[in-house]
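Spelled out from the first residue to the last, the chains are:
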Amino acid sequence: MNSKVKGILQILLVLVLIAAFGVVAYRGIGSARLGSAKNIRLGLDLRGGVSVTYEATKANPTEQEMQDTVYKMQKRVEDISTEASVYQEGANRVTIDIPGVSNASEILKKLGQAGALQFVLYDKIKGKDGTASPEEGKEVTFDPKDVELDGQMIEDASAGTQSTSTGASENVVKIKFTAKGTKKFGTVTGDHVNERLAIIYDNKLVSAPNIESEISDGNAVVSGGFEEFSEAQEMASTLRIGALPLELKNIHDNVVGATLGSEALRTSLIAGIIGFILVILFMIIMYRVPGAVASIALIFYVGAMLLILNGLNVTLTLPGIAGIILSVGMAVDANCIIFTRIREELAVGKTVSQAIQNGFSKALSAIIDGNVTTLIVAFVLYLKGSGTVKGFAQTLAIGILLSMITAIFVTKWLLNAFCRLGCEDTKFYGIKKERKTINFIGNWKKYAIISGAIVVLCVAGLIVNSSAKGQMLNYSLDFIGGTSTSVSIDEKTEITDDLKNEVLQIVKTVTGLNGEVSSSDDKGVKKVTVRTTALTDEQKAAVTTQLSGKFKVDQGKIESETISASVSNEMKTDAVVATLIAIVCMLIYIWIRFRNFASGASAVIALIHDVIAVFTVYVVASSFIQVGSTFIACMLTIVGYSINDTIVVFDRIRENRKKASSRTDLAEVINKSITETLSRSINTSVTTFIMVFILAVLGVDSVRQFAIPLIVGIISGCYSSICVASPIWYLLGGKGKKEKKAVTYSKKK
């Protein structure tokens, strides 16, 4: 097989794979349409629905208790939706996601039922207000040690009817006990004849029948309190599943309207497509044939990404889409490093074929180091994040791994194929032009002033916010706790102060709480939002009913989110801990890879600089950018992105130090290295900037609040790698003093 035929076959193979990816993504395989992009699981923020997280009140629940609780919760939600998922978070939490539902208030109320059925002698209970003879339907209190039987002793339960003493028909729940329960129930009824046995469900007295004789057959009837037959059916269904092994409390629930979710998905996809096209055009203009090859590899990457998301059954969230779009921009980074190396090889007289081989070989260490550090960020985010942040971490990690494989193997495969087809003229690739070395180290004091000004701006902003607004940052519910209730307003209706006050007054009338009201017009989706302290499930249901009736909107268009104070405090702690863990891990990794403490320390200082720069955005723009769960993801993404850029520069410094003579000043080596990698640093930042900028312009509000700080972080990351990290390495490295270790290493080489 001659060289040209082999080249054609190589290109055809990649194109066939891309076409196959496209067909599978569009139509799927078989009747089940496996692999279709439409089958990718969408998170609640894209599809709408209900999510609720419960925490066990027991201090240290066993693994078995948690597994049983998850199983029984899963059985409970199966009646609501076959697409619902229940999973354990941490050691003592259970999260339930139910997509595509609209009757949110009813679902939250039903899920909130602990299903706790207890049998207690009537004279051992009291009303919640302390009364000695509580009435049916009232909340009661009792000593847990006085419980004679509980729901775990129930084998089966069913709804039915029976005749009362007056001849009327009443709704009842018929209970059959387990063998253990039958024995216990027989003993209790036998020992307490002519006494009343209180039947308590979720701390409410359902009934208190008189024990007329011993009941030894294990059958009991719960009567009273069921005005509708459906109420008896619901209770029977819950009891059939069994009482939960653990008592749970609601610490976070979120109701997302389908309208905003679908709009978020649509605008994010449009942003991704436009950004992708612009990146392809940029790559072709800047790198010619290699740019066209990289574009084909990127299309391959997107197709493979869709299949992987499908195959791994990853739930795609809004931050997850942002992670994919961001990883597309970062995927170009490896190609930029490789193509820059190829141009350098061509500049010293190598053939195109040799330049390709050497370019990939020399770029490999920087690519691996940069991607490993970003994977560290994704790993930390997955461990310390929750919900949508985990989704972002998953897609970011998948994207980074896939982009690295695509750049190293697919791009190389295609470049070699084009070579075999005769594209061996250097004009198709470009030659690295010799540039005058820029004296970056000589200007380190100027850079220190610029960075110092950012710190001053940040501190000044914190002081101003604290005095003017009472808090340094605009914290979302994630960080302060409480309940946020939003009602969608008809797009033709103008949102006025009177309208906002009307919504606020409804919430206040129902709950008795004062709140903060705000409004938004997000891509045509108008909302009025009231934020209060945490509401109970009953209060949320009442608010939803009132707002739905007043504004004549479906309850599915009324969103709410509740976060307990304990969860918000955890998020604050996690934000700090996650950032520290990521920075320490990177410091250790860079220290090991470069065998130089100065390089590790200077890289970390540059990271802190970028964190402060992005944090300043949250301070200065606090009127419209909130500090929430995605704050952690944004900060750590910038940490990973910035370190990636820094590593490429440091890798070149390390390489040039090996080549330099013992008399070469360190400042000269660093200046030369930065100058040589400058175009790559700028080009990579531009491609990533394009993707995130389009996302900020076209995305919904929640995406913009994530994208805008990222834009600043991208610019800061490029700046700090060149103007902060490298000069600090120079200062920590002895200001150009000849290092014996470096000289010895050079001689061995």
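Residues numbered from 1 in each chain as written. Predicted model: local features only at pLDDT ≥ 70, side-chain atom pairs only at ≥ 80, totals over all residues. Heavy atoms only, no water.

## Describing the overall build of the chain
A tally of helices and strands in the chain yields 21 helices and 17 strands. Among the 749 residues that make up the chain, the fraction classed as buried is 54%. Considering only residue pairs separated by 6 or more positions, the chain has 77% of its internal contacts joining residues 24 or more positions apart. Put simply, the chain shows about 33700 Å² of open surface, and 57% of that area lies on carbon and sulfur atoms. In the chain, which carries 77 positive and 69 negative side-chain charges, the distance between the mean positions of the two groups comes to 17 Å. (Helix = DSSP H or I, 4+ residues; strand = E, 2+ residues; numbered from the N terminus. Buried < 20%, exposed > 50% of the residue type's maximum accessible area, 1.4 Å probe, protein only. Contact = heavy atoms within 4.5 Å. Areas by Shrake-Rupley, 256 points an atom, 1.4 Å probe, with all protein chains shown as cover. Lys, Arg positive; Asp, Glu negative; His and termini not counted. Charge placed at Lys NZ, Arg CZ, Asp CG, Glu CD.)

## Comments concerning the sheet that holds strand E4 (residues 117-121)
Spatially, E7-E4-E10-E11 is the arrangement adopted by the four strands of the open sheet, whose pairing is antiparallel. In this open sheet, the two strands that pair with only one neighbour each are strand E7 (149-150) and strand E11 (204-207). Note: E4 against strand E10 (residues 197-201), five bridges, orientation antiparallel. By the bridge assignment, Leu 117 is partnered in E10 with Tyr 201. (Pairing = 2+ DSSP bridges.)

## Re the side chain of Asn 465
Positionally, Asn 465 belongs in helix H12 (residues 444-469). Of note is the side chain of Asn 465, whose polar atom sits 3.5 Å from the side chain of Ser 622. Those residues in contact with Asn 465 that sit more than four places away from it in its chain are Gly 470, Gln 471, Met 472, Val 619 and Ser 622. (Polar contact = N/O pair within 3.5 Å; in protein donor to acceptor, adjacent residues only side chain to side chain.)

## Side note on the side chain of Ser 207
Mapped onto the elements, Ser 207 comes out in strand E11. Judged by its relative accessible area of 4%, Ser 207 falls in the buried class. Dropping the residues within four chain positions of it, Ser 207 is found in contact with Glu 136, Leu 197, Ala 198, Ile 199, Val 222 and Ser 223.

## Some thoughts on the nonpolar core
Core analysis: the largest hydrophobic core is formed by 77 residues, its most contacted members being Leu 381, Tyr 618 and Leu 636. Put simply, the parts of the chain that give this core at least two residues each are helix H10 (352-384), helix H11 (388-420), H12, helix H16 (565-594), helix H17 (597-620), helix H18 (629-659), helix H19 (666-698) and helix H20 (701-732). Once you skip the residues sitting within four places of it in the chain, Leu 381 turns out to touch Val 389, Phe 392, Ala 393, Ile 632, Ala 633 and Leu 636. Within the second largest apolar cluster, 69 residues are counted, among which are Ala 297, Ile 342, Ile 367 and Met 404. (Core = buried A, V, L, I, M, F, W, Y, C linked by side-chain atoms within 4.5 Å.)

## Here we look at the sheet that holds strand E12 (residues 219-223)
One open sheet accounts for three strands, arranged E8-E9-E12; its pairing is antiparallel. At either margin of the open sheet sits one strand with a lone partner, and together these are strand E8 (154-163) and E12. Adjacent strand axes in the sheet meet at a mean angle of 30 degrees, parallel and antiparallel pairs treated alike. Bridge analysis of strand E9 (residues 169-177) against E12 gives five bridges, and the strand direction is antiparallel. The residue bridging Lys 174 from the neighbouring strand is Val 221, located in E12. The sheet contacts of helix H5 (residues 179-191) involve E9 and E12, and relative to E9 the element is tilted by about 115 degrees. (Axes fitted to C-alpha atoms, helices over the stretch in contact; angles between N-to-C directions.)

## Brief notes about the packing of H19 against H20
In helix packing, the relevant descriptors are the interaxial angle and the interaxial distance, both defined with respect to the helix axes. Interhelical geometry of H19 versus H20 gives an angle of 180 degrees and a closest axis separation of 10 Å. Classed by the angle they form, the pair H19 and H20 counts as roughly antiparallel. Tallied by class, the residues present in the contact of H19 with H20 amount to 20 nonpolar, four polar and one charged. (Parallel < 35°, antiparallel > 145°, perpendicular 65-115°, else oblique. Nonpolar A, V, L, I, M, F, W, Y, C, P; charged D, E, K, R; others polar.)

## Here we look at the pairing of E10
Extensive coverage of E10 is indicated by the burial of five of its five residues. What you see with E10 is no split at all: Leu 197, Ile 199 and Tyr 201 on one side and Ala 198 and Ile 200 on the other are buried throughout. Relative to E11, E10 is paired through three bridges, and the arrangement is antiparallel. Bridge assignment links Ile 199 to a residue of E11, and that residue is Ser 207.

## Remarks on the packing of aromatic side chains
Taken as a whole and judged by the stated rule, the model has eight aromatic pairs. Aromatic ring contacts, followed pair by pair, group Phe 119, Phe 177 and Phe 185 into a single cluster. Across from the ring centre of Tyr 122, 4.1 Å away, lies the NZ or CZ of Arg 196, which sits over that ring. (Phe/Tyr/Trp six-rings, centres within 6.5 Å; stacked < 30°, edge-to-face > 60°. Lys NZ or Arg CZ within 6 Å of the ring centre and 35° of its normal.)

## Brief notes about the packing of H12 against H20
Running from N to C, H12 and H20 point in directions that differ by 120 degrees, and their axes come no closer than 10 Å. Judged on the interaxial angle alone, H20 and H12 are oblique. Pair H12 / H20 crosses with left-handed handedness. Between H12, through Trp 444, Tyr 447, Ile 450 and Ser 451, and H20, the contact on the second element is made entirely by Tyr 719, Cys 723, Val 724, Pro 727 and Leu 731. A class-by-class count of the residues in the contact of H12 with H20 yields eight nonpolar, one polar and no charged. (Left-handed = near helix turned anticlockwise from the far one by under 90°.)

## Details of the environment of Met 404
Take Met 404: it is sitting in helix H11. A residue is classified by how much of its surface remains accessible, and Met 404, at 15% relative accessible area, is buried.

## So, the confidence of the model for the chain
Reading predicted coordinates in detail is not appropriate for stretches of low pLDDT. Averaged over all residues, the pLDDT of the chain equals 81, while 91% of them reach at least 70. Ranking the helices and strands of the chain by mean pLDDT puts H5 first, with 93, and helix H21 (residues 740-748) last, with 40. Under a pLDDT of 50 for its full length, residues 736-749 has, in the predicted model, 14 contacts with residues more than four places off or in other chains. (pLDDT = per-residue confidence, 0-100.)

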